[in-house]
Amino acid sequence: MPVWNPWHGCKKLSPGCQNCYVYRRDSSIGKDASEITKTGSYDLPLKKDRQGRFKLTPESGVVFTCMTSDFFLPEADGWREGCWDIIRQRSDLHFHIITKRIDRFAECIPDDWGDGWENVTISCTCEDQERADFRLPVFIGLPIKHRRIVSEPMLEEINIEKYLADGLIEQVTCGGESGENARLCSFDWVKELRRQCVRSGVPFYFKQTGALFRMNGKDYRIERRFQMAQAEKSGYSYTPNTGCADRIRYTLPTRADLFARLAKSTFRSRFRLSDEDRQYIADKGLDVIRAHAADFVAKKLAPENPPKDGRQTPMRGHPIFKAQHATACCCRGCLEKWHNIPSGKTLTDRECAYITDVLMDWVVKRL
Ligand code: SF4
């Protein structure tokens, strides 16, 4: 991947900067990363080889720009116009700029920016909820042709679903922090962010675990060389309508374990069958109730991204609705959290049968 660093060095801005890799790398060679300097690569996209051909070509791939600084750093205000000019000249290349200073974007764009340039992607980073709620409303209101969100290092669970709703975001990327003093990243946070992307139909890239990763309540130290590979192996990156989630490996809970955990939940255990429900089941017979359950599962849960996911199961109106809430089979988020069934995949016949069995187990035990 081509990298263009027109200047080097940066000023720490927010919690995500605490263990900045630019600072770590510079301090390892006795350099002060807070000194911002224009580099010898300032005009890299215009550089040519001996044959007079540009060194960077569209075939080289997307040009990651300003990766050892922030493109919208105030200290670089005097150099940015020249970069825009280079980006304008190289309209055949695609430039990707990742920033924590999206609030400076509007004052830093060139006069002819218009609705944005087709050859520029801007990624806005938000490492926690506070930064997301400050930066993303600004981000989605800006004239940008290609925009992405990056949560890296991800420092807590974040909810950005409302910013994904209008279809402006092309991809969400997340990952943990690297380095010796890395802060924790939890797989639960990753999965929660992914579910928001699935529901919004936005591609999701789980880039890397970071060096300290929590999974199933246990913390793991992960060596740098395995951090991307482990994220890739999890299969939790997501592209809508590709069947990519089918490769996620998971284990269904045993019925005993599931019901034991459900019994500890105040919300789940408050559901009961009423006399009216029991009469309805007696009148219809268990085979018909099972057929109703199977139908609800097939229509409301089985699609890769069910309509109104999270709100598709009423609280009352059918005994199976109560069974769905009581057993956490009410939406795809609950199926993932309680049953390990990944969101973003079309349920198989086996998975549908498992859910139907769980629902009927709950019903039969309460007759
Ligand atoms: S904005 Fe980026 S490059 Fe600058 S200090 Fe923060 S993490 Fe480092």
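First, a word on scope: everything that follows refers to the structure included in this document. Values in this document were obtained by computation on a predicted structure and should not be read as measured data.

Conventions and cut-offs
- Residues numbered from 1 in each chain as written.
- Predicted model: local features only at pLDDT ≥ 70, side-chain atom pairs only at ≥ 80, totals over all residues.
- Heavy atoms only, no water.
- Pairing = 2+ DSSP bridges.
- Helix = DSSP H or I, 4+ residues; strand = E, 2+ residues; numbered from the N terminus.
- Contact = heavy atoms within 4.5 Å.
- Axes fitted to C-alpha atoms, helices over the stretch in contact; angles between N-to-C directions.
- Parallel < 35°, antiparallel > 145°, perpendicular 65-115°, else oblique.
- Left-handed = near helix turned anticlockwise from the far one by under 90°.
- Nonpolar A, V, L, I, M, F, W, Y, C, P; charged D, E, K, R; others polar.
- Near = heavy atom within 4 Å.
- Buried < 20%, exposed > 50% of the residue type's maximum accessible area, 1.4 Å probe, protein only.
- Patch = residues over 30% accessible without salt bridge, like charges linked within 9 Å, V, L, I, M, F, W, Y side chains within 5 Å.
- Areas by Shrake-Rupley, 256 points an atom, 1.4 Å probe, with all protein chains shown as cover.
- Salt bridge = Lys/Arg side-chain N within 4 Å of Asp/Glu carboxyl O.
- Core = buried A, V, L, I, M, F, W, Y, C linked by side-chain atoms within 4.5 Å.
- Disulfide = S-S within 2.5 Å.
- Polar contact = N/O pair within 3.5 Å; in protein donor to acceptor, adjacent residues only side chain to side chain.
- 1 Å grid on protein atoms, 1.4 Å probe; cavity = no way out; pocket = protein on both sides within 12 Å on 5 of 7 lines; lining within 4 Å.
- Points joined across faces, edges and corners; volume = space filled by probe spheres on them.
- Domains from an automatic or database assignment.

### Overview of the sheet that holds strand β8 (residues 169–175)
Here comes step 1: Taken in spatial order, the 7 strands of this open sheet run β1-β4-β5-β6-β7-β8-β10, and their pairing is parallel. Where the open sheet ends on each side, the last strands, each with one partner, are β1 (3–4) and β10 (204–208).
Here comes step 2: Sheet strands touched by helix α4 (residues 129–140): β6 (120–125), β7 (146–151) and β8. Its angle to β6, the strand with the most contacts, is close to 155 degrees.

### Describing the packing of helix α11 (residues 286–301) against helix α12 (residues 319–326)
Here comes step 1: Following both chains from N to C, one finds α11 and α12 inclined at 60 degrees, their axes separated by 10 Å at the closest point. Overall, the two elements α11 and α12 adopt an arrangement that is oblique. Considering how the two elements wind past one another, α11 and α12 form a crossing that is right-handed. Here Ile289, Ala293, Phe296 and Leu301 of α11 lie close against α12, whose contacting residues are Ile320, Phe321 and Gln324.
Here comes step 2: Partitioned by chemical class, the residues of the contact of α11 with α12 number 6 nonpolar, 1 polar and no charged.

### As for the sheet that holds strand β9 (residues 185–186)
Here comes step 1: As summarised here, the arrangement of the 3 strands in space is β9-β11-β12, forming an open sheet in which the pairing is mixed. Strands with a single pairing partner mark the edges of an open sheet, and in this sheet they are β9 and β12 (218–221).
Here comes step 2: Direction of pairing for strand β11 (residues 212–215) relative to β12: antiparallel, over a ladder of 4 bridges. Of the residues in β12, the one forming a bridge with Arg214 is Asp219.

### A look at the site of the ligand
Here comes step 1: Inspection of the region around the ligand gives Cys10, Lys11, Lys12, Cys17, Cys20, Ser69, Asp70, Lys100 and Arg101 as its neighbouring residues.
Here comes step 2: Residue composition of the shell around the ligand, by class: 3 nonpolar, 1 polar and 5 charged.

### A short note on the environment of Met154
Here comes step 1: Of note, Met154 is situated in the loop between β7 and α5 (161–164).
Here comes step 2: You can call Met154 buried: its relative accessible area is 1%.
Here comes step 3: Along the sequence, Met154 and Thr57 sit 97 residues apart, while their C-alpha atoms lie 33 Å from each other.
Here comes step 4: Once you skip the residues sitting within four places of it in the chain, Met154 turns out to touch Glu127, Cys174, Gly175, Gly176, Leu184, Cys185, Trp189, Val190 and Leu193.

### A look at a nonpolar patch on the surface
Here comes step 1: Residues Leu286, Val364 and Leu367 make up a contiguous nonpolar surface patch of about 250 Å² in total accessible area.
Here comes step 2: Relative to the elements of secondary structure, Val364 occurs in helix α14 (residues 349–365).

### Here's the deal with the nonpolar core
Here comes step 1: Of all hydrophobic cores here, the largest spans 61 residues; its most connected members are Ile160 and Val172.
Here comes step 2: Tallying contributions element by element places helix α6 (residues 187–200) first for this core, with 6 residues.
Here comes step 3: When neighbours within four sequence positions are excluded, Ile160 is seen to be in contact with Ala132, Leu136, Ile149, Val172, Leu193 and Gln196.
Here comes step 4: The next biggest cluster of nonpolar side chains, apart from the first, holds 34 residues, and it includes Phe271, Phe296, Phe321 and Trp338.

### Digging into helix α13 (residues 332–339)
Here comes step 1: For α13, a buried count of 7 out of 8 residues is recorded, marking the element as mostly surrounded by other parts of the structure.
Here comes step 2: Every buried residue of α13 is accounted for by Arg332, Gly333, Cys334, Leu335, Glu336, Trp338 and His339.
Here comes step 3: Where the residues of α13 are buried, they touch α6, α8 (255–263), α9 (266–269), α11 and α14.
Here comes step 4: One or two steps after α13, the chain reaches Asn340, where phi turns positive at roughly 70 degrees.

### So, the state of the cysteines
Here comes step 1: Per the counting criterion, the structure on display carries 0 disulfides.
Here comes step 2: Cysteine Cys83 shares no disulfide, and the gap to the nearest cysteine sulfur, in Cys66, comes to 7.0 Å.
Here comes step 3: For the unlinked cysteine Cys108, the closest cysteine sulfur is that of Cys66, found at 11 Å.

### Some thoughts on the environment of Asp92
Here comes step 1: Tracing the backbone shows Asp92 in the loop between α2 (77–89) and β5 (95–99).
Here comes step 2: Residues Asp92 and Glu118 lie 26 residues apart in sequence; the distance between their C-alpha atoms is 9.9 Å.
Here comes step 3: A polar atom in the side chain of Asp92 sits 2.9 Å from the side chain of Arg90.

### Quick word on the pairing of β8
Here comes step 1: Most of β8 is tucked away, with 6 of its 7 residues classed as buried.
Here comes step 2: For β7 and β8, the ladder comprises 5 bridges, and the chain directions are parallel. When the bridges of β8 are listed, Ile149 appears paired with Val172.
Here comes step 3: Pairing of β8 with β10 involves 4 bridges; the strand directions are parallel. For Cys174, the partnering residue across the bridge sits in β10 and is Phe206.

### Side note on empty space enclosed by the protein
Here comes step 1: Scanning the entire structure with this criterion turns up 1 cavity of 30 Å³ or more.
Here comes step 2: Of the voids in this model, the largest cavity is the one considered here, and its volume is about 50 Å³.
Here comes step 3: If you go around the largest cavity, the residues you meet are Arg195, Val198, Arg199, Glu304, Asn305, Pro306, Asp309, Arg332, Gly333 and Ser343.
Here comes step 4: When residues of the lining of the largest cavity are traced back to their parent elements, those giving at least two are α6 and α13.
Here comes step 5: Here the element with the most residues in the lining of the largest cavity is α6; it accounts for 3 residues.
Here comes step 6: Looking at side-chain class alone, the lining of the largest cavity contains 2 nonpolar, 3 polar and 5 charged residues.
Here comes step 7: Split by domain, the residues of the lining of the largest cavity number at least three in each of domain 1 (3–247) and domain 2 (255–365).

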